[in-house]
Amino acid sequence: MTTRSAVVALAGPPNSGKSTLVNRAVGAKVSIVTHKVQTTRTRVRGIVLRDAAQLILVDTPGIFVSPKRRLERAMVGAAWNAVEDADFVVVLHDARRAAGDAQTALVIEGLKERRCRRVLLAINKIDEVKRDSLLALAQELTAAYSFERVFMISALTGDGVEDLLDWLAAAAPEGPWLYPEDDISDLPQRLLAAEITREKLFLHLHDELPYALTVETEAWESFRDGSVKITQTIYVQREAHKRMAIGAKGATIRKVREVAQRELEEILETRVHLFLFVKVRERWVDDPERYREWGLDFEG
Ligand SMILES: Nc1nc2c(ncn2[C@@H]2O[C@H](COP(=O)(O)OP(=O)(O)OP(=O)(O)O)[C@@H](O)[C@H]2O)c(=O)[nH]1
Ligand SMILES: [Mg+2]
């Protein structure tokens, strides 16, 4: 069998559905998803086998205008690095937004600066709009950039996703598979487990708090009966944030722990004992160690 492989970067504005698409394509949760912007903080590779082709789908942080904080700069930088390293780029555009939307325009501008080849467009969330509006949207977007192909998809329902993957698999160049055939992601379990907890924190906390915290898996202990004990620290920047994360009488952290633990049990297919600790570390966003683990560029 002649094997083929391609690295495919999914790029687009925050919330356009990149992580949802990676999970849908892989058929498992490899990257976290929330309704909030800037959920994904680093590149996460999801791996898909199609016939003789291995597709490495690279989920990236959303690209947004003039990121100011160090973490935001590192996130947007990671997205552009992924684009530059890829064989194909799939730009996601939320079908509910106009073709001239500033967010997508920013992505297109960046693609032009980088003279990227082999760029596809995926108009996502088509389950949310009337079909007859899509053609005009596609025409306007292809007028703004010469996308090699346009796909209409719903990462949520899966509509159109097979077509996109089939196209990529057929277009992938000949070459060895880059990962073992059973792999579905490059994210180590400890990091995935931290991400699952961060997702639940995003869903249960409000305003700027989700953006001001990070989660780390400190310990991972496997027992003879197959169960695992996972200990994680949630770093926040202020005492007030710690109180909010814990909630009245510990209600918030208890809920987060419960849903994160349940999901980890599903993913790991075993009993999980999850222990969460909240610590104030004012300057975690300026600590290189926090970036290294995630493969983010500290100096950007
Ligand atoms: N209706 C609908 N919702 C979608 C679709 N794809 C994604 N979503 C929703 O859009 C929201 C954002 O999805 P994500 O996959 O987290 O988006 P993202 O592009 O990874 O966002 P960032 O990581 O913040 O850049 C979530 O609430 C998803 O459920 C879709 O095809 N249809
Ligand atoms: Mg994401």
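Residues numbered from 1 in each chain as written. Chains lettered and ligands numbered in written order. Predicted model: local features only at pLDDT ≥ 70, side-chain atom pairs only at ≥ 80, totals over all residues. Heavy atoms only, no water.

Enquirer: Tell me about unusual backbone geometry, and name the residues and values.
Expert: Located in the positive-phi region is Ser 66, a residue other than glycine, with phi close to 30 degrees. With respect to the helices and strands, Ser 66 occurs in the loop between strand 3 (53-59) and helix 2 (70-85). (Helix = DSSP H or I, 4+ residues; strand = E, 2+ residues; numbered from the N terminus.)

Enquirer: Before we move on, can you summarise the sheet that holds strand 4 (residues 88-94) with the specific residues and values?
Expert: The six strands lie next to each other as 2-3-1-4-5-6, forming an open sheet whose pairing is mixed. Each having just a single partner strand, strand 2 (44-50) and strand 6 (150-152) make up the two edges of the open sheet. Across the sheet, the mean angle separating the axes of adjacent strands is 25 degrees when strand polarity is ignored. Note: strand 1 (residues 4-11) against strand 4, four bridges, orientation parallel. (Pairing = 2+ DSSP bridges. Axes fitted to C-alpha atoms, helices over the stretch in contact; angles between N-to-C directions.)

Enquirer: Tell me what's going on with the coordination of the magnesium ion (ligand 2), and back it up with residues and numbers.
Expert: Within the first shell, the magnesium ion (ligand 2) binds the protein through Ser 19 (OG) and Thr 40 (OG1), at distances of 2.0 to 2.1 Å. Taken together, the residues span a long stretch of sequence, with Ser 19 in helix 1 (residues 18-26) and Thr 40 in the loop between helix 1 and strand 2 at a distance of 21 residues. (Donors = N, O, S within 2.8 Å, 3.2 Å for Na, K, Ca; no water.)

Enquirer: I'd like a description of the packing of helix 6 (residues 189-204) against helix 8 (residues 251-268), backed by residues and values.
Expert: Where helix 6 meets helix 8, the closest approach of the two axes is 9 Å, and the angle between their N-to-C directions is 140 degrees. The orientation of helix 6 relative to helix 8 falls into the category oblique. For helix 6 against helix 8, the interelement crossing comes out right-handed. Packed against helix 6, whose contacting residues are Gln 189, Leu 192, Ala 193, Ile 196, Thr 197, Glu 199, Lys 200, Leu 201 and His 204, the element helix 8 presents Thr 252, Lys 255, Val 256, Val 259, Ala 260, Glu 263, Leu 264, Ile 267 and Leu 268 at the interface. Class assignment of the residues belonging to the contact of helix 6 with helix 8 gives a composition of ten nonpolar, four polar and four charged. (Parallel < 35°, antiparallel > 145°, perpendicular 65-115°, else oblique. Left-handed = near helix turned anticlockwise from the far one by under 90°. Contact = heavy atoms within 4.5 Å. Nonpolar A, V, L, I, M, F, W, Y, C, P; charged D, E, K, R; others polar.)

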